Amino acid sequence: MIDNNVKAEHLGGGVVVFRSALELDWNYILDFARNSINKEKNEMYKPAVNPETGEECYINKSGYFFSQRFNRSNARKRICYSQIC
């Protein structure tokens with residue numbers, strides 16, 4: 001959204017803050033990010049059987065096997081930003 005009421009504030013050293021330059025729907029962006037993460041997690045690991053051990057497991061998109069004890073919800077390093085987690 002273009003807003004002609006943008007206020008530029010020079011902080012020094014060539015750094016300028018443009019206040020009111022951009023207006024975003026942060027709730028939409030956070031919901032989109034959460035939904036994208038959940039969708040990817042659900043598609044990333046599929047139930048399978050390890051051909052070497054016969055054990056039920058998960059297989060990821062790269063073809064690596066993970067035992068049933070593997071927790072898909074903690075599959076990626078959890079990085080929390082203020083409202084995301």
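Residues numbered from 1 in each chain as written. Predicted model: local features only at pLDDT ≥ 70, side-chain atom pairs only at ≥ 80, totals over all residues. Heavy atoms only, no water.

A.B. asks: In this structure, what is going on with the confidence of the model for the protein chain? I would like to understand it.
C.D. replies: Caution applies to low-pLDDT regions: their predicted coordinates should not be interpreted in detail. Looking at the protein chain, the pLDDT average stands at 77 and 76% of residues meet or exceed 70. Note that residues 76-85 has pLDDT below 50 and, in this model, nine contacts with residues that lie over four places away or in other chains. (pLDDT = per-residue confidence, 0-100. Contact = heavy atoms within 4.5 Å.)

A.B. asks: Is there a simple way to think about the sheet that holds strand β5 (residues 65-67) in this case?
C.D. replies: Sheet strands associate in pairs through backbone hydrogen bonding, adopting either a parallel or an antiparallel arrangement. Here three strands make up an open sheet; going across it, the order is β3-β4-β5 and the pairing antiparallel. Edge positions in the open sheet fall to β3 (45-49) and β5, since each of these has one partner strand only. Here the strands of the sheet are splayed against their neighbours by 40° on average, with no regard to which way each runs. Both strand β4 (residues 56-60) and β5 contribute to a ladder of three bridges, which runs antiparallel. If you follow Tyr-58 over to β5, its bridge partner there is Phe-66. (Pairing = 2+ DSSP bridges. Helix = DSSP H or I, 4+ residues; strand = E, 2+ residues; numbered from the N terminus. Axes fitted to C-alpha atoms, helices over the stretch in contact; angles between N-to-C directions.)

A.B. asks: Explain the side chain of Asn-50 here, please?
C.D. replies: Among the structural elements, Asn-50 can be located in the loop between β3 and β4. When sequence neighbours within four positions are dropped, the list of residues in contact with Asn-50 reads Glu-55, Cys-57 and Phe-65.

A.B. asks: Help me understand the packing of aromatic side chains, please; the structure alone is not making it clear to me.
C.D. replies: Aromatic ring pairs are defined here through the distance separating the ring centres and the angle between the ring planes. Within the structure shown, the criterion is met by two aromatic pairs. On the basis of an interplanar angle of 25° and a centroid distance of 6.4 Å, the ring pair of Tyr-28 and Phe-32 is categorised as stacked. Residue Tyr-28 and its partner Phe-32 are both found in helix α1 (residues 26-44); the two are separated by four residues, about one turn of the helix. Each ring, one from Tyr-45 and one from Phe-66, has its centre 5.6 Å from the other, and the planes form 85°; the classification is edge-to-face. Of this pair, Tyr-45 sits in strand β3 while Phe-66 is found in strand β5, placing the two residues 21 residues apart along the sequence. (Phe/Tyr/Trp six-rings, centres within 6.5 Å; stacked < 30°, edge-to-face > 60°.)

A.B. asks: Sorry, what's going on with the pattern of salt bridges here?
C.D. replies: Opposite charge on two side chains allows them to pair when their charged atoms are near. Taken as a whole, this structure holds three salt bridges when the rule is applied. With a shortest N-O distance of 3.3 Å, Asp-31 and Arg-34 are connected by a salt bridge. With Asp-31 and Arg-34 both in helix α1 and three residues apart, this pair spans about one turn of that helix. Residue classification places Arg-34 among the partly exposed residues on the basis of a relative accessible area of 31%. The closest approach of N and O atoms between Glu-40 and Lys-61, which form a salt bridge, is 2.9 Å. With Glu-40 in helix α1 and Lys-61 in the loop between β4 and β5, this pair connects stretches of sequence that are 21 residues apart. (Salt bridge = Lys/Arg side-chain N within 4 Å of Asp/Glu carboxyl O. Buried < 20%, exposed > 50% of the residue type's maximum accessible area, 1.4 Å probe, protein only.)

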